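Residues per chain, in single letters:
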Amino acid sequence: MRVVNCQTPVGQALWKKHVRRQTGASDPNYIRRDPVTLRIFGKPCSAREAAGRILEDIRRQGDRALCRYSFLLDGFKTSAPGLAVSTQEKRRAVKQVPAAVQRSIKEAAEHIRAFHQSQLRKKTGSVRRPGCKVSERRFPLRRVGMYVPGGVAPLISTVLMNALPAKVAGVPEVYMATPPGRQG
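Residues numbered from 1 in each chain as written. Predicted model: local features only at pLDDT ≥ 70, side-chain atom pairs only at ≥ 80, totals over all residues. Heavy atoms only, no water.

Q: Could you give an account of the overall build of the chain, with specific residues and numbers?
A: Within the chain one finds seven helices and six strands. Helices and strands in the chain line up, N terminus first, as α-β-α-β-α-α-α-α-β-β-β-α-β. Taken over 184 residues, the chain has a buried fraction of 16%. (Helix = DSSP H or I, 4+ residues; strand = E, 2+ residues; numbered from the N terminus. Buried < 20%, exposed > 50% of the residue type's maximum accessible area, 1.4 Å probe, protein only.)

Structure follows, in structure tokens:
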């Protein structure tokens, strides 16, 4: 840890640099000038602009563009069939998880599911005045998608806390995306 006196010129310069870096990380309109952005897009661009270009390429070229960006952004070379995780890959992955961890995940899932089931209510309503009834109606979406960050420590809790409420609500299609490692 470093203590910085923000009353000094050096401290003010460090603070401005830190604040600018933090702002750039969360501002979708911040123009990035990093080597990856320059290599992929040929010019500095914001996250919003980069995402728009990627989505437009995927709309026009489909899986071919998706595979190209997977390689450019993640270093993972694949073809369209390699984008989805096969049942066999899932089974192999489950076998690598220690039994105690599997039990903990199942227990957490039971608690999360029970909590969200308790939130389900029947149709409610109230009469505010004669002839005027106010009611609430809940219904599931047809499909939802979730992004699970990969990073150094991917969190199973992200999957549980997003997928289980959707399933409890009755969403028939739940999709998950996560960035691959170099080996997929």
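Q: How would you explain the nonpolar core if you had to name every residue and give the values?
A: Counting six residues, the largest nonpolar core consists of I40, F41, C45, A50, I54 and Y69. Contributing elements (two or more residues each) for this core: α2 (35-41) and α3 (47-61). In this structure, C45 is in contact with Y30, I31, R32, T37 and A50, ignoring residues within four places of it in sequence. (Core = buried A, V, L, I, M, F, W, Y, C linked by side-chain atoms within 4.5 Å. Contact = heavy atoms within 4.5 Å.)

Q: Outline the confidence of the model for the chain, supporting the account with residue identities and numerical values.
A: Looking at the chain as a whole, its pLDDT mean stands at 83, while 83% of the residues score no less than 70. Element-level mean pLDDT values for the chain span from 62 in helix α1 (residues 9-26) up to 94 in helix α6 (residues 99-119). (pLDDT = per-residue confidence, 0-100.)

Q: Residue-level account of the packing of aromatic side chains, with values.
A: Within this structure, the stated rule accounts for one aromatic pair. Above the plane of the ring of F71 lies K77, whose end atom (NZ or CZ) is 5.6 Å from the centre. (Phe/Tyr/Trp six-rings, centres within 6.5 Å; stacked < 30°, edge-to-face > 60°. Lys NZ or Arg CZ within 6 Å of the ring centre and 35° of its normal.)

Q: Any chance you could break down the side chain of T37 for me, citing the residues and the numbers?
A: Looking at the secondary structure, you find T37 in helix α2. Its relative accessible area of 9% is what places T37 among the buried residues. Within polar-contact distance, the side chain of T37 engages the side chain of D34 at 2.6 Å. Excluding its chain neighbours within four sequence positions, the residues that come into contact with T37 are R32, G42, K43 and C45. (Polar contact = N/O pair within 3.5 Å; in protein donor to acceptor, adjacent residues only side chain to side chain.)

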